[in-house]
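# Structural features, examined
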Amino acid sequence: MTSRDSGRAVRWWVGIDGGGTSTRAVVSDAAGRVLGRGESGASALGQGAEQAWRHIADAVARAGVSGVALQDCALGLGLSGTGVPAQLEAFIAADPGVARFGLVTDGLAALLGAHGGRPGALLISGTGSVAEALLPDGSRRLVGGWGWQIGDEGSGAWLGQQAMKLAQAAYDDRAPAGPLAQAVWREVGATREALLAFCARAGQAGYASLAPLVFEHEAADAAAASLLDAAARALEALAVAVHPTLPLALAGSIALRLGPRFGPAVQARRIEPQGDAAVGALRVIQPRENPNA
């Protein structure tokens, strides 16, 4: 965990779940009573430190708790992109002056929330994908989460990239121009120039925005159905690799939609999460003596 403490008094305790699509905040007092929740745009560190802090502040403000200011807050931050040193350093340097913070990966925050701080495994697939486990001996294991540019198989960004590859191949007559390829053309443009322009600016969130098209055209397009099967197998491999037997919670829109496709061994491990990643991030920063932390 990366942490910073200004030494100032803390009035509010805040858990932050920040990813490539949105930022969620849960605000509590020192006794652990949840006072409000808010949501804003993406705060994945790969999308910029200034944006991350701006959306964190906005999510806290949207929680609807009167008088909350970041300067009076202890923030438990579960953010995507903390594993890249340059991104992490830029985020810490841009600290707007919060009273205290503890920063962990979004996967660890979600893991702590899902199992209430007890041993278990978590498979996340939303904009990106990763699997993480808290082992009985207190150690942690992380699998996947290599980033949308080269990894994050089975995620929304990955599905969007595959859909775009299919649309490009269909444009070249290297693949059939089925319903999914045509849907991508309608979404971004049906010319070579439009397809290239989208790819040049898309980024993680842009590719993830194409993922719903794959689900929408599954019934009518074998290529779309094949992509969903491949995504499910990739996520299942993450779940097995992170730990073969620990209770497994799923998080993220893509994981939840693809969960029914998993095989019997993984299905048998599934449990409903006790809490979300924002609640897990709150556990990172709340006082140890708080029984609700």
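Residues numbered from 1 in each chain as written. Predicted model: local features only at pLDDT ≥ 70, side-chain atom pairs only at ≥ 80, totals over all residues. Heavy atoms only, no water.

Below, the discussion takes up the sheet that holds strand S10 (residues 248–251). The strand order across the open sheet built from four strands is S9-S8-S7-S10, with neighbouring strands paired in mixed fashion. Edge strands, defined here as strands with exactly one partner in the open sheet, are strand S9 (140–144) and S10. Here the strands of the sheet are splayed against their neighbours by 15 degrees on average, with no regard to which way each runs. With five bridges joining them, strand S8 (residues 129–134) and S9 adopt antiparallel strand pairing. Residue pairing in the sheet places Leu-134 in a bridge with Arg-140 of S9. Packed on one face of the sheet, helix H9 (residues 222–242) meets strand S7 (120–125), S8, S9 and S10 and runs near 20 degrees to S8. (Pairing = 2+ DSSP bridges. Helix = DSSP H or I, 4+ residues; strand = E, 2+ residues; numbered from the N terminus. Axes fitted to C-alpha atoms, helices over the stretch in contact; angles between N-to-C directions. Contact = heavy atoms within 4.5 Å.)

By the definition in use, this model includes 13 salt bridges. Between Asp-29 and Arg-33 there is a salt bridge, and its shortest N-O distance comes to 2.9 Å. Notably, a salt bridge pairs Arg-140 with Glu-132, separated by 3.1 Å at the nearest N-O pair. Since its relative accessible area comes to 45%, Arg-140 is described here as partly exposed. When salt bridges that share partners are traced, they join Asp-17, Arg-24 and Glu-39 into one network. (Salt bridge = Lys/Arg side-chain N within 4 Å of Asp/Glu carboxyl O. Buried < 20%, exposed > 50% of the residue type's maximum accessible area, 1.4 Å probe, protein only.)

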